[in-house]
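Examination of the molecular architecture
Residue-level listing of the chains:
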Amino acid sequence: MNLEDSYDDNYFMKKALQEAEMALEKGEVPVGAVIVIDNRVIARGHNLTETLNDVTAHAEMQAITAAANFLGGKYLKNCTLYVTLEPCQMCAGALYWSQISNIVYGARDEDRGCIKLNTKLHPKTVMKGGIMAEEASNLLKQFFIQKRNLN
């Protein structure tokens, strides 16, 4: 058994959390994402909506574009997205069209997440959540506490 065989959801979610921390350092909502194929991270992204002045610059969108460029095609079959927050409706729609195989998220987004809004994913996409949810949630809480204290 090689080292890659021992990777698990927590390992890759830690990578996504590192991306979320980069977003936090930039004053962005701390959401991070990585896309993995064959136990290899092929794409990374974090929220850049403020930096790019672009409402579509969510972590998932950044990672989807990077993964498609890496693979040389628009479909992300056999890939897994690890994202620190449940995808929103926009990102879930993009993930649908990418035909990504798996979505693993940390914290639930009770208000704007794709689950509450009943956003359909591709029929072959498997989604699971709650992986390192407390760590992801704490980053978000930290961001919003800092934001309130600045205003």
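Only a predicted model underlies this, so the values are computations on that prediction, with no experimental measurement involved.

Another aspect to go through is the UniProt feature "active site" (unreviewed entry) in the protein chain. Under the UniProt annotation, "active site" (unreviewed entry) lies at Glu60. If you trace the backbone, glutamate 60 turns up in helix H3 (residues 59-71). For glutamate 60, the residues in contact, after removing those within four places along its chain, are Ala33, Leu81, Val83, Leu85, Pro87, Cys88 and Cys91.

Here we come to the pairing of strand S1 (residues 32-37). The buried fraction of S1 amounts to six of the six residues, a majority that puts the element mostly inside the structure. Because side chains alternate across S1, one face comprises the buried residues Gly32, Val34 and Val36, and the other comprises Ala33, Ile35 and Ile37, equally buried. Between S1 and strand S2 (residues 40-46), which pair antiparallel one after the other, the connecting turn spans two residues, and aspartate 38 there sits at a positive phi close to 50 degrees. With four bridges connecting them, S1 and strand S3 (residues 80-85) associate as antiparallel partners.

Running from N to C, helix H1 (residues 9-25) and helix H5 (residues 133-150) cross one another at 5 degrees; their axes reach a closest spacing of 11 Å. When the interaxial angle is binned, H1 and H5 end up roughly parallel. Of the residues in H5, those in contact with Leu17, Ala20, Glu21 and Leu24 of H1 are Glu135, Ala136, Leu139, Gln142, Phe143 and Gln146. Partitioning the contact of H1 with H5 into residue classes produces six nonpolar, two polar and two charged.

Let us now look at the UniProt feature "binding site: Zn(2+)" (unreviewed entry) in the protein chain. In this numbering, the UniProt entry assigns the feature "binding site: Zn(2+)" (unreviewed entry) to His58, Cys88 and Cys91. Taken together, the annotated residues stretch across 34 residues yet fold into one region, lying no more than 9.3 Å apart by C-alpha. Position of cysteine 88 relative to the elements: it lies in the loop between S3 and helix H4 (89-98). Excluding residues within four positions of it along the chain, cysteine 88 makes contact with His58, Glu60, Arg112 and Cys114. Tracing the backbone shows cysteine 91 in helix H4. Accessibility expressed as a relative area gives 0% for cysteine 91, which makes it buried.

For the rest of this paragraph, the subject is the side chain of glutamate 28. Structurally, glutamate 28 is set in the loop between H1 and S1. The side chain of glutamate 28 is buried and forms no salt bridge, while lysine 26, the nearest opposite charge, is found at 7.1 Å. A polar contact is formed between the side chain of glutamate 28 and the backbone nitrogen of glutamate 50, at a distance of 3.0 Å. A polar contact of 2.6 Å, which involves the side chain of glutamate 28, links it to the backbone nitrogen of threonine 51.

In the predicted model, the protein chain carries a mean pLDDT of 94, and the fraction of residues at 70 or more is 95%. Scored below 50 in pLDDT, residues 1-6 shows four contacts in the model against residues more than four places distant or in partner chains.

Bringing the nonpolar core into the picture now. Among the nonpolar cores identified, the biggest contains 43 residues, and Met13, Ile35, Leu81, Tyr82 and Ile100 are the most heavily contacted of them. When residues of this core are assigned to their parent elements, the largest contribution, six residues, is made by H1.

Looking now at the sheet that holds strand S4 (residues 102-107). Whenever strands of a sheet pair, they do so through backbone hydrogen bonds, lying parallel or antiparallel. One open sheet accounts for five strands, arranged S2-S1-S3-S4-S5; its pairing is mixed. Only two strands of the sheet have a single partner each, and these edge strands are S2 and strand S5 (126-128). If you compare each strand with its neighbour and ignore which way they point, the axes differ by 15 degrees on average. Pairing geometry for S3 and S4, over five bridges, is parallel. Following the sheet pairing, tyrosine 82 is matched in S4 by valine 104.

Rules used throughout
- Residues numbered from 1 in each chain as written.
- Predicted model: local features only at pLDDT ≥ 70, side-chain atom pairs only at ≥ 80, totals over all residues.
- Heavy atoms only, no water.
- UniProt positions renumbered as here; feature names shortened; annotations may be inferred.
- Helix = DSSP H or I, 4+ residues; strand = E, 2+ residues; numbered from the N terminus.
- Contact = heavy atoms within 4.5 Å.
- Buried < 20%, exposed > 50% of the residue type's maximum accessible area, 1.4 Å probe, protein only.
- Pairing = 2+ DSSP bridges.
- Axes fitted to C-alpha atoms, helices over the stretch in contact; angles between N-to-C directions.
- Parallel < 35°, antiparallel > 145°, perpendicular 65-115°, else oblique.
- Nonpolar A, V, L, I, M, F, W, Y, C, P; charged D, E, K, R; others polar.
- Lys, Arg positive; Asp, Glu negative; His and termini not counted.
- Salt bridge = Lys/Arg side-chain N within 4 Å of Asp/Glu carboxyl O.
- Polar contact = N/O pair within 3.5 Å; in protein donor to acceptor, adjacent residues only side chain to side chain.
- pLDDT = per-residue confidence, 0-100.
- Core = buried A, V, L, I, M, F, W, Y, C linked by side-chain atoms within 4.5 Å.

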